Amino acid sequence: GTLLFHFITGRKVPAFLGSSFAFLGGYAAVVGLKPEGSDINMLPYACLGVACAGLLYLVLALLIKLVGVKKVMKFFPPVVTGPIIIAIGLCLAPSALNNCATCWPLAVVALVIVIFFNIWGRGMAKIIPILLGVVGAYLFALIFGNGLGLLGETGQVDVKAIADAAWIGLPVHMDETIFSIDWNNSSAIIFAITTMVPIAIATMMEHIGDICAISATVGKDFINRPGLHRTLLGDGLATTLSSIFGGPANTTYGENTGVLALSRVYDPRVVRIAAYLAMLFSFSPKFAMIIQAMPSGIVGGISFMLYGMIAAIGVRNVVEA
């Protein structure tokens, strides 16, 4: 999805596409998420709905192309986009705090490492403070959680799951894609589409806020060049491509903006290298399990920093305007 987005936007926008939180409610509705379990067989239908939601981006992109981005952006001045960006950061903050609450010592360690290297780091260490924070906190969990047992169960890494995971495996399973749908089940298809498509209206507004935030962070006007219609087109087609093969809806990701602000590395080529690496690692279930086994406290500490940076960028937009 990221590589497709970069191709459509002329390789100008340093955005890494991630999975959209906004669609989680839709997924839950389609698969009938309940405490006792859900109907996983409905997941391909949910993916079909997301694929159609991605196509809705194309409609807005066409309208912007025909009407002109300047006329559209009159409805999104900094006094509007700034609070949208702030809201993105603040709305994500509770999830960070919930993760932090599972193990505050790990969250604090991760946060302190990121802050330390961002302020006092030199050379490469100053460029990758987030990666250093993740690795450092992970090692802390292994030593003080698994080794000494001082962090409780939530502060431990599930090393058995990592050991049991295979080194190589396929990331796509055809029975989990839209190709496994029973096309005669029209009621399920209609329900999935009508549930998922309206969510795109919210995510398209989020997209505009994200592109404005990335523009403000990098100091370039991506709204006009390569153009909002092209970024919307890239985001929508990436979402459709992902969901066809059983992946989640894509988004230009507020966290991406936080990483840009923190690392000050704006070269889109770096983002594409990250995309290539993500695709490579997706063929290793063991690597995926290393990520999955990471204690939530670490994720919370890192996210707390990123979400705060997003809100700060929104505040700066309002102040500068």
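Residues numbered from 1 in each chain as written. Predicted model: local features only at pLDDT ≥ 70, side-chain atom pairs only at ≥ 80, totals over all residues. Heavy atoms only, no water.

(A) Layout of the overall build of the chain. Looking only at helices and strands, one finds 16 helices and 2 strands in the chain. Expected size for 321 residues packed as a compact globule is a radius of gyration near 20 Å; at 20 Å, the chain falls within 12% of this value. By its C-alpha atoms, the chain is 60 × 55 × 30 Å across when sized along the principal axes. Per-residue burial over the chain gives 44% buried out of 321 residues. Long-range contacts, defined as pairs at least 24 residues apart, comprise 82% of the intrachain contacts of the chain with a sequence gap of at least 6. Of the roughly 16,000 Å² that the chain leaves accessible, carbon and sulfur atoms contribute 71%. Across the chain, 18 positive and 15 negative side-chain charges occur, with their mean positions spaced 19 Å apart. (Helix = DSSP H or I, 4+ residues; strand = E, 2+ residues; numbered from the N terminus. Rg over C-alpha atoms; globule rule 2.2 N^0.38 Å. Buried < 20%, exposed > 50% of the residue type's maximum accessible area, 1.4 Å probe, protein only. Contact = heavy atoms within 4.5 Å. Areas by Shrake-Rupley, 256 points an atom, 1.4 Å probe, with all protein chains shown as cover. Lys, Arg positive; Asp, Glu negative; His and termini not counted. Charge placed at Lys NZ, Arg CZ, Asp CG, Glu CD.)

(B) Molecular detail of the pattern of salt bridges. Tallied over the entire structure, the rule returns 2 salt bridges. Residue K160 pairs with D164 through a salt bridge whose shortest N-O separation is 2.8 Å. Placement of both K160 and D164 in helix α9 (residues 159–164) is noted, with a separation of 4 residues, approximately one turn of the helix. D267 serves as the salt-bridge partner of R269, at 2.8 Å between the closest nitrogen and oxygen. Exposure remark for D267: the relative accessible area of 27% places this residue in the partly exposed category. (Salt bridge = Lys/Arg side-chain N within 4 Å of Asp/Glu carboxyl O.)

(C) Structural detail: the packing of aromatic side chains. Following the criterion strictly, the structure yields 5 aromatic pairs and no others. Their ring planes at 90° and their centres at 5.3 Å tell us that F116 and F117 sit as a pair that is edge-to-face. Residue F116 is classed as partly exposed on the basis of its relative accessible area, which comes to 42%. Taking the ring centre of W167 as reference, the NZ or CZ of K286 above it sits at 4.9 Å. (Phe/Tyr/Trp six-rings, centres within 6.5 Å; stacked < 30°, edge-to-face > 60°. Lys NZ or Arg CZ within 6 Å of the ring centre and 35° of its normal.)

(D) Region of the structure containing helix α2 (residues 24–31). G26, Y27, V30 and V31 are the residues of α2 that are buried. Across the axial projection of α2, the buried residues extend over an arc of 115°, all falling on one side. Taken from the residues just after α2, G32 is the one with a positive phi, measuring 65°. (Arc of directions from axis to C-beta.)

(E) Quick look at the packing of helix α3 (residues 43–67) against helix α12 (residues 223–244). Running from N to C, α3 and α12 point in directions that differ by 165°, and their axes come no closer than 8 Å. If you check the angle between α3 and α12, you find them roughly antiparallel. Here α3 and α12 pass one another in a crossing that is left-handed. Between α3, through C47, V50, A51, G54, L55, Y57, L58, L60, A61, I64 and K65, and α12, the contact on the second element is made entirely by L228, H229, L232, L233, D235, G236, L237, T239, T240 and S243. Of the residues that constitute the contact of α3 with α12, the class distribution is 13 nonpolar, 6 polar and 2 charged. (Axes fitted to C-alpha atoms, helices over the stretch in contact; angles between N-to-C directions. Parallel < 35°, antiparallel > 145°, perpendicular 65-115°, else oblique. Left-handed = near helix turned anticlockwise from the far one by under 90°. Nonpolar A, V, L, I, M, F, W, Y, C, P; charged D, E, K, R; others polar.)

(F) Representation of the side chain of H207. On the secondary structure map, H207 appears in helix α11 (residues 199–218). One polar contact links the side chain of H207 to the main-chain amide nitrogen of L232, over a distance of 3.4 Å. Setting aside residues no more than four positions away along its own chain, H207 makes contact with F5, L228, T231, L232, D235 and T252. (Polar contact = N/O pair within 3.5 Å; in protein donor to acceptor, adjacent residues only side chain to side chain.)

(G) Looking closely at the side chain of S243. Inspection of the secondary structure puts S243 in helix α12. One polar contact links the side chain of S243 to the main-chain carbonyl oxygen of T240, over a distance of 3.0 Å.

(H) View of the nonpolar core. Formed by 74 residues in total, the largest nonpolar core has its most connected members in F23, M73, M196 and L228. Among residues more than four places away in sequence, those in contact with F23 are V50, A53, M196, I199, A200, T203 and A249. (Core = buried A, V, L, I, M, F, W, Y, C linked by side-chain atoms within 4.5 Å.)

(I) Representation of the environment of V265 within the structure. For V265, the position within the fold is in the loop between α13 (254–263) and α14 (268–281). Those residues in contact with V265 that lie beyond four places of it in its chain are I127, L260 and V270.

(J) View of the confidence of the model for the chain. On average, residues of the chain score 87 in pLDDT, and 98% of them are at 70 or above. For the chain, α13 is the element with the lowest average pLDDT, namely 77, and helix α1 (residues 2–8) is the one with the highest, namely 95. (pLDDT = per-residue confidence, 0-100.)

(K) Looking closely at the packing of helix α5 (residues 78–102) against helix α16 (residues 296–320). Interhelical geometry of α5 versus α16 gives an angle of 165° and a closest axis separation of 7 Å. The angle between the axes of α5 and α16 places the two elements in the roughly antiparallel class. In this structure, α5 meets α16 at a crossing whose hand is left-handed. Class assignment of the residues belonging to the contact of α5 with α16 gives a composition of 19 nonpolar, 12 polar and no charged.

(L) Structural context of a nonpolar patch on the surface. A contiguous nonpolar patch, built from I273, L277, L280, F281, F287, I290 and I291 and spanning about 600 Å² of accessible area, is present on the exposed surface. Counting residues per element, the ones that place at least two in the nonpolar patch are α14 and α15 (285–292). Position of I273 relative to the elements: it lies in helix α14. (Patch = residues over 30% accessible without salt bridge, like charges linked within 9 Å, V, L, I, M, F, W, Y side chains within 5 Å.)

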